[in-house]
Amino acid sequence: MVSINMEATGKNIARLREENGLSVKDLQNIFGFATPQAIYKWQRGQALPTVDNLALLAEIFHVSVDEILVK
């Protein structure tokens, strides 16, 4: 059974965000979140984005969902 490494995935999201020149505030605005807490939780590996949010992250970062998730 494949499991997702949440901590490594979070670090990957942070790296991809930085490589694309985006701040947490930028992502907060793109997703329409009232606060940046969800994004910080993703980056710390405390939570994973929903499937819909993963798809949007992949589009924003110009990668596949598989390139975001670390198994």
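Conventions used here
- Residues numbered from 1 in each chain as written.
- Predicted model: local features only at pLDDT ≥ 70, side-chain atom pairs only at ≥ 80, totals over all residues.
- Heavy atoms only, no water.
- Buried < 20%, exposed > 50% of the residue type's maximum accessible area, 1.4 Å probe, protein only.
- Helix = DSSP H or I, 4+ residues; strand = E, 2+ residues; numbered from the N terminus.
- Arc of directions from axis to C-beta.
- Contact = heavy atoms within 4.5 Å.
- pLDDT = per-residue confidence, 0-100.
- Salt bridge = Lys/Arg side-chain N within 4 Å of Asp/Glu carboxyl O.

Asker: Just give me the short version of helix α2 (residues 24-31), but keep the residues and values in it.
Answerer: Here α2 has its buried residues at Val24, Leu27, Gln28 and Phe31. Down the axis of α2, the sector holding all buried residues measures 105°, keeping them to one side. Buried residues along α2 sit against α1 (6-19), α3 (37-44) and α4 (51-61). Just beyond α2, the residue with positive phi is Gly32, at close to 75°.

Asker: A description of the confidence of the model for the chain should follow, citing residues and the corresponding values.
Answerer: In low-pLDDT regions, the fine details of the predicted coordinates are not to be read closely. When pLDDT is averaged along the chain, the result is 96, and 100% of the positions lie at 70 or above. Within the chain, the element-level pLDDT minimum falls on helix α5 (residues 65-68), averaging 96, and the maximum on α3, averaging 98.

Asker: Explain the pattern of salt bridges to me, using residue names and the numbers behind them.
Answerer: Summed over all chains, the structure comprises four salt bridges. The salt bridge partner of Glu7 is Lys11, with a shortest N-O separation of 3.5 Å. Of the two residues, Glu7 and Lys11 are both situated in helix α1; the distance of four residues between them amounts to about one turn of the helix. Between Asp66 and Lys71 there is a salt bridge whose closest N-O contact spans 4.0 Å. Take Asp66 and Lys71: they sit in the same class, and that class is exposed.

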